[in-house]
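# A structural walkthrough
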Amino acid sequence: MAIRKGGAAGQLKQILKRCSSLGRRQQSPEEEEKEIEEETGLPSDVPRGHFAVYVGERRRRFVVPIALLDRPEFRSLLRRAEEEFGFAGAGAGGLLVLPCEEVAFRSLTSSLR
């Protein structure tokens with residue numbers, strides 16, 4: 001039986017491709033998101049054009065639009081965060097922590113939108 005060289009190689013690649021996925025465990029969507037987060041270093045729950053900040057004593061997480069960076073009021077908060085925490089540490093664990101009470105932050109962001 002004669003096998004064409006190019007055809008056999010292509011068929012072999014297809015078979016190997018199918019077999020390589022057989023031993024893999026199926027991941028849940030949460031596991032896939034976590035894996036993507038670990039690979040890229042970006043949180044998967046923050047939509048494009050937004051970023052996460054942590055506010056108040058309890059460090060409550062807020063996701064805000066990047067457009068707020070143009071606002072002088074928000075820039076003032078960033079300056080205060082730099083003075084208090086510095087950018088190297090950015091608060092706890094590399095998080096962007098704003099030195100502001102939650103109520104004041106909510107009020108500020110709602111008036112800026």
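Residues numbered from 1 in each chain as written. Predicted model: local features only at pLDDT ≥ 70, side-chain atom pairs only at ≥ 80, totals over all residues. Heavy atoms only, no water.

Taking an unreviewed UniProt entry as the reference, the protein is identified by name as Auxin-responsive protein belonging to Leersia perrieri. The UniProt entry for the protein carries this comment under Sequence similarities (unreviewed entry): "Belongs to the ARG7 family." (UniProt positions renumbered as here; feature names shortened; annotations may be inferred.)

With respect to topology, three strands assemble into an open sheet ordered E2-E1-E3, the strand pairing being mixed. Of all strands in the sheet, those bounded by a partner on one side alone are strand E2 (60–65) and strand E3 (97–98). Two elements, strand E1 (residues 50–55) and E3, share two bridges in a ladder whose sense is parallel. Bridge pairing in E3 places valine 55 opposite leucine 98. Docked against the sheet, helix H4 (residues 102–112) engages E1, E2 and E3, running at close to 10° with respect to E2. (Pairing = 2+ DSSP bridges. Helix = DSSP H or I, 4+ residues; strand = E, 2+ residues; numbered from the N terminus. Contact = heavy atoms within 4.5 Å. Axes fitted to C-alpha atoms, helices over the stretch in contact; angles between N-to-C directions.)

Let's shift gears to the pairing of E1. Extensive coverage of E1 is indicated by the burial of five of its six residues. With six bridges joining them, E1 and E2 adopt antiparallel strand pairing. Note that in E2 the partner of histidine 50 across the bridge is proline 65. In this antiparallel pair of consecutive strands, E1 and E2, the connection spans four residues, and glycine 56 shows a positive phi of 80°. (Buried < 20%, exposed > 50% of the residue type's maximum accessible area, 1.4 Å probe, protein only.)

We now examine the packing of aromatic side chains. In the structure shown here, the tally under the stated rule is three aromatic pairs. Between phenylalanine 62 and phenylalanine 105, the aromatic rings sit 5.0 Å apart at their centres with planes inclined by 55°, giving tilted as the arrangement. In this pair, phenylalanine 62 sits in strand E2 while phenylalanine 105 sits in helix H4, placing the two residues 43 residues apart along the sequence. For phenylalanine 62, a relative accessible area of 12% puts it in the buried group. (Phe/Tyr/Trp six-rings, centres within 6.5 Å; stacked < 30°, edge-to-face > 60°.)

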